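# Working through the structure, step by step
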Amino acid sequence: MAKNNHLEENNQKKLDSLLRHSGSALPTDVYNDAIKYAESIAGIENCVAVVSNLVENRSRIIAGKFADLLNLSDYDNENSIWEKKILDLMTEEERQEKYIAELRFYHFLKRIVPSKRDEYYLMSQLRFRLQNKRFMDIQHRMYYMYDESKKHIIAAICLYSPLTFSHSGKSYVVNSITGIYEELTNSNSNAVLSQRECQVLSLIEKGMKSREIAETLNISIHTVNRHRQSILESLQVKNSYEACRIAKSMSLI
């Protein structure tokens, strides 16, 4: 259990680092518009809406009627981009899966041209534990807001509501214009690392040195070193040990 706690904390910190260092200032009018949208959607859908200011590290929670069932009616602010009271309704394993899906979504968006990134959102199936110890299936939708360049994320809107229908998988990236969706699983791990990078990292995890990896894969040492650097940059870690740990938690290796 301690290992799971460590992985969960590590993945949350990794997301925090990626998101909170990816943007510039959040214009006041953009933030206010996001709050108005969240208030409207929470009122119409009765869902719980969360607007996270990734620049100032704070969140506003708008409680629709569904919040009564979750005992979150009086929950309206958080001095963090993480909605702790909502996360506490999930098991450690469920939170871990949520963080991994969001990491994969972040890296998926890096492959999309900036002008198209705001067309996509993340949809996940979660399980909440209610006060009576009963579990309830929840639909989670997460939308990112960008600066004018569309390159930097400056805010996020999360919507939590009862799950009305289920898919075979847990998390999907959805194109809001075409309706086409893609499951975020280890089968599309190249959204984070390429197939060759996964091969290199697997050999690193086995204790191989760069020269041994080059010989095994029949590539040059220069290419191996280039892959190693790319892996560190993609996973936003400082060394191979951390890269292996994160990659294993994301089922990349």
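Just so you know, these numbers come straight off a predicted model, no measurement behind them.

Turning to the overall build of the protein, a few remarks are in order. The number of helices and strands found in the protein is nine helices and eight strands. In terms of overall size, the protein behaves like a compact globule, its C-alpha atoms giving a radius of gyration of 19 Å where 253 residues would be expected to give roughly 18 Å. Across the 253 residues that make up the protein, the buried fraction comes to 50%. Taking all contacts inside the protein whose residues are at least 6 apart in sequence as the whole, residues at least 24 apart take part in 55%. With an accessible surface of roughly 13000 Å², the protein has 47% of that area assigned to carbon and sulfur atoms. When the 34 basic and 32 acidic side-chain charges of the protein are each reduced to a single mean position, those positions are 5 Å apart.

We now examine helix α6 (residues 195–205). The α-helix winds at 3.6 residues per turn, so residues separated by three or four positions along the chain end up facing the same way. When we look at burial in α6, the residues that qualify are E197, C198, V200, L201, L203 and I204. Contact partners of the buried residues in α6: α7 (210–217), α8 (221–235) and α9 (240–249). In the stretch just after α6, G207 is the one whose phi turns positive, near 95 degrees.

This brings us to the packing of α6 against α8. Two elements in contact, α6 and α8, have axes whose closest approach is 10 Å; the angle formed by their N-to-C orientations is 100 degrees. In this view, α6 runs roughly perpendicular relative to α8, as classed from their interaxial angle. Between α6 and α8, the residues in contact are R196, E197, V200, L201 and I204 and H227, R228, S230, I231 and L235, respectively. Among the residues making up the contact of α6 with α8, the classes are represented as five nonpolar, two polar and three charged.

Within strand β4 (residues 120–129), eight of the 10 residues are buried, which leaves the element mostly enclosed by the surrounding structure. For β4 and strand β7 (residues 171–175), the ladder comprises five bridges, and the chain directions are antiparallel. Bridging from a neighbouring strand, S124 pairs with S171 of β7. Bridge count for β4 against strand β5 (residues 135–146) is eight bridges, and the pairing is antiparallel.

So, about the packing of α8 against α9. One way to put it is that α8 packs onto α9 with a least axis distance of 10 Å and a crossing angle of 60 degrees. With respect to α9, the axis of α8 lies oblique. Read as a crossing pair, α8 and α9 show a hand that is left-handed. Each of R228, I231, L232 and L235 in α8 lies in contact with α9, whose residues at this interface are S240, A243, I246 and A247. Classifying every residue of the contact of α8 with α9 gives six nonpolar, one polar and one charged.

Take the nonpolar core next. In terms of nonpolar packing, the biggest core is built from 64 residues, with F105, F128, Y144, Y160, L201 and L235 touching the most fellow members. Ranked by the residues each element gives to this core, the list is headed by helix α5 (residues 92–110), at seven residues. Dropping the residues within four chain positions of it, L235 is found in contact with K14, H107, V192, L193, L201, A243, I246, A247 and L252. Formed by 16 residues, the second largest nonpolar core is a distinct cluster that contains A34, A42, C47 and I154.

Attention now goes to the sheet that holds β7. Pairing within the open sheet is antiparallel, and its eight strands lie in the order β3-β2-β1-β6-β5-β4-β7-β8. Sheet topology places β3 (77–78) and β8 (181–183) at the edges, where each strand pairs with a single neighbour. Strand direction decides the pairing type here: β7 and β8, joined by three bridges, are antiparallel. Residue pairing for β8: Y172 is matched across the bridge by E183. Taken strand by strand, helix α2 (residues 28–45) contacts β1 (48–53), β2 (58–63), β5 and β6 (153–162), and its axis lies near 170 degrees from that of β1.

On to the pairing of β7, then. Here β7 lies mainly inside the structure; five of its five residues are buried. Side chains of β7 alternate between two faces, with S171, V173 and N175 and Y172 and V174 buried alike. Between β7 and β8, which follow one another and run antiparallel, lie five residues, and G179 among them has a positive phi close to 80 degrees.

This part is about the side chain of K98. Mapping K98 onto the fold places it in helix α5. With residues up to four places along the chain from it excluded, the contact list for K98 reads L87, M90, L126, H140 and Y160.

Summarising the element assignment, S240 is placed in helix α9. Linking S240 and Y106, residues 134 residues apart in sequence, is a C-alpha distance of 21 Å. Discounting residues that sit within four places of it in the chain, S240 has contacts with I204, R228 and L232. Polar side-chain contacts of S240 include one of 3.1 Å to the side chain of R228.

Analysis parameters
- Residues numbered from 1 in each chain as written.
- Predicted model: local features only at pLDDT ≥ 70, side-chain atom pairs only at ≥ 80, totals over all residues.
- Heavy atoms only, no water.
- Helix = DSSP H or I, 4+ residues; strand = E, 2+ residues; numbered from the N terminus.
- Rg over C-alpha atoms; globule rule 2.2 N^0.38 Å.
- Buried < 20%, exposed > 50% of the residue type's maximum accessible area, 1.4 Å probe, protein only.
- Contact = heavy atoms within 4.5 Å.
- Areas by Shrake-Rupley, 256 points an atom, 1.4 Å probe, with all protein chains shown as cover.
- Lys, Arg positive; Asp, Glu negative; His and termini not counted.
- Charge placed at Lys NZ, Arg CZ, Asp CG, Glu CD.
- Axes fitted to C-alpha atoms, helices over the stretch in contact; angles between N-to-C directions.
- Parallel < 35°, antiparallel > 145°, perpendicular 65-115°, else oblique.
- Nonpolar A, V, L, I, M, F, W, Y, C, P; charged D, E, K, R; others polar.
- Pairing = 2+ DSSP bridges.
- Left-handed = near helix turned anticlockwise from the far one by under 90°.
- Core = buried A, V, L, I, M, F, W, Y, C linked by side-chain atoms within 4.5 Å.
- Polar contact = N/O pair within 3.5 Å; in protein donor to acceptor, adjacent residues only side chain to side chain.

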